[in-house]
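Coordinate inspection notes
Residue strings, one per chain:
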Amino acid sequence: MQNGFKIERLDNRFCEAVIGLILPIQQIEFKVDIDLAAQPDLLDIEKHYDGSGGAFWGAKLNGELIGTIALIAQAEHHAGAIRKMFVKKEFRGKDLGIAQALLETLIVYCRDNNLNKVYLGTKDILQAACRFYERNGFKQVRMEDLPVYFPRMPVDNVFYGLDLKPV
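Read on for an overview of the structure.

Before going further, it helps to examine the overall build of the protein chain. Per the secondary structure count, the protein chain includes four helices and seven strands. Of the regular secondary structure in the protein chain, the N- to C-terminal order runs β-α-α-β-β-β-α-β-α-β-β. Relative to its length of 167 residues, the protein chain is compact, with a C-alpha radius of gyration of 15 Å against a globular reference of 15 Å. In the protein chain, which comprises 167 residues, the share counted as buried stands at 48%. A sequence separation of at least 24 residues applies to 66% of the contacts in the protein chain between residues at least 6 apart. Total accessible area on the protein chain stands at roughly 8,800 Å², and carbon and sulfur atoms take up 52% of it. One way to put it: in the protein chain the 21 positive side-chain charges average out to a point 4 Å from where the 22 negative ones average out.

Rendered as structure tokens:
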């Protein structure tokens, strides 16, 4: 537990809380044109994330879900796709370090499970997110250079990759 919050793996019991966190950030705060129908993974976390060999984590503070991150594993490619990285507005920033702790949890999981490369997609309007990924060593990847197995979301227009191979 860091700064009063804790990170734990989430399963289908948390689908409603996850939806309640993510959809308002996407639709209201950032005006991203996406709805629940376009994100069936939010209705079955276990199938889409655990079922791939990945996981879905949540940051909780006093029992409230305040942040999420998820991984779709592509074990045959020793890679993964980061999804659903969201932190409630009032809990963002370096002071609490929630996004950093979520990302570090995912990276440790990747290394422990022999996933040597992770990719993600986001939107160019999410400049703070782009800077966050770049500060964490992610390099921008052109869409046409993404691996064919990367599960792309139609709303994403900026892509990043991070090499986790041991040095």
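On we go from here.
Now for the environment of Gln127. Positionally, Gln127 belongs in helix α4 (residues 127–135). On the basis of relative accessible area, Gln127 is assigned to the partly exposed category, the value being 42%. A sequence separation of 83 residues divides Gln127 from Asp44, and the C-alpha atoms of the two residues are 29 Å apart.

This paragraph deals with the pattern of salt bridges. Evaluation of the coordinates by the stated rule reveals nine salt bridges. Put simply, Glu8 and Lys60 hold a salt bridge, and the shortest N to O gap is 3.1 Å. Taken together, the residues Glu8 in strand β1 (residues 5–9) and Lys60 in strand β2 (residues 55–61) connect sequence positions 52 residues apart. Of the residues examined, Glu8 reaches a relative accessible area of 22% and is grouped as partly exposed. One salt bridge connects Arg13 with Asp11, and the closest N-O pair in it is separated by 2.9 Å. A relative accessible area of 67% places Arg13 in the exposed class. Overlapping salt bridges bring together Lys6, Glu8 and Lys60 as one network.

The residue Lys89 is located in the loop between β4 (79–87) and α3 (98–112) in this model. Judged by relative accessible area, Lys89 falls into the exposed class, the value being 58%. Spatially, the C-alpha atom of Lys89 lies 8.8 Å from that of Glu29, the residues being 60 residues apart in sequence.

Right, let's talk about the packing of aromatic side chains for a bit. What the rule picks out here adds up to seven aromatic pairs. Look at Tyr49 and Phe56: their rings are 5.2 Å apart centre to centre, the planes differ by 75°, and that puts the pair in the edge-to-face class. Of the two residues examined, Tyr49 and Phe56, each falls in the buried class. Ring centres of Tyr119 and Phe150 lie 6.2 Å apart, and the angle between their planes is 65°; this geometry places the pair in the edge-to-face category. Taken together, the residues span a long stretch of sequence, with Tyr119 in strand β5 (residues 117–122) and Phe150 in the loop between β6 (139–141) and β7 (158–163) at a distance of 31 residues. Judged by relative accessible area, Phe150 falls into the buried class, the value being 9%. Put simply, the rings of Phe132, Tyr133, Phe138 and Tyr160 touch in pairs and so form one group of aromatic residues.

Below, the discussion takes up the pairing of strand β3 (residues 64–74). In terms of burial, β3 is largely enclosed, as 10 of its 11 residues are buried. The pairing of β2 with β3 spans seven bridges and is classified as antiparallel. Counterpart to Ala59 in the pairing with β3 is Gly67. Hairpin connection from β2 to β3: two residues lie between these consecutive antiparallel strands, with Asn62 at a positive phi of about 50°. Summarising the sheet, β3 and β4 pair through seven bridges and their orientation is antiparallel.

Each value, and the rule that gives it
- Residues numbered from 1 in each chain as written.
- Predicted model: local features only at pLDDT ≥ 70, side-chain atom pairs only at ≥ 80, totals over all residues.
- Heavy atoms only, no water.
- Helix = DSSP H or I, 4+ residues; strand = E, 2+ residues; numbered from the N terminus.
- Rg over C-alpha atoms; globule rule 2.2 N^0.38 Å.
- Buried < 20%, exposed > 50% of the residue type's maximum accessible area, 1.4 Å probe, protein only.
- Contact = heavy atoms within 4.5 Å.
- Areas by Shrake-Rupley, 256 points an atom, 1.4 Å probe, with all protein chains shown as cover.
- Lys, Arg positive; Asp, Glu negative; His and termini not counted.
- Charge placed at Lys NZ, Arg CZ, Asp CG, Glu CD.
- Salt bridge = Lys/Arg side-chain N within 4 Å of Asp/Glu carboxyl O.
- Phe/Tyr/Trp six-rings, centres within 6.5 Å; stacked < 30°, edge-to-face > 60°.
- Pairing = 2+ DSSP bridges.

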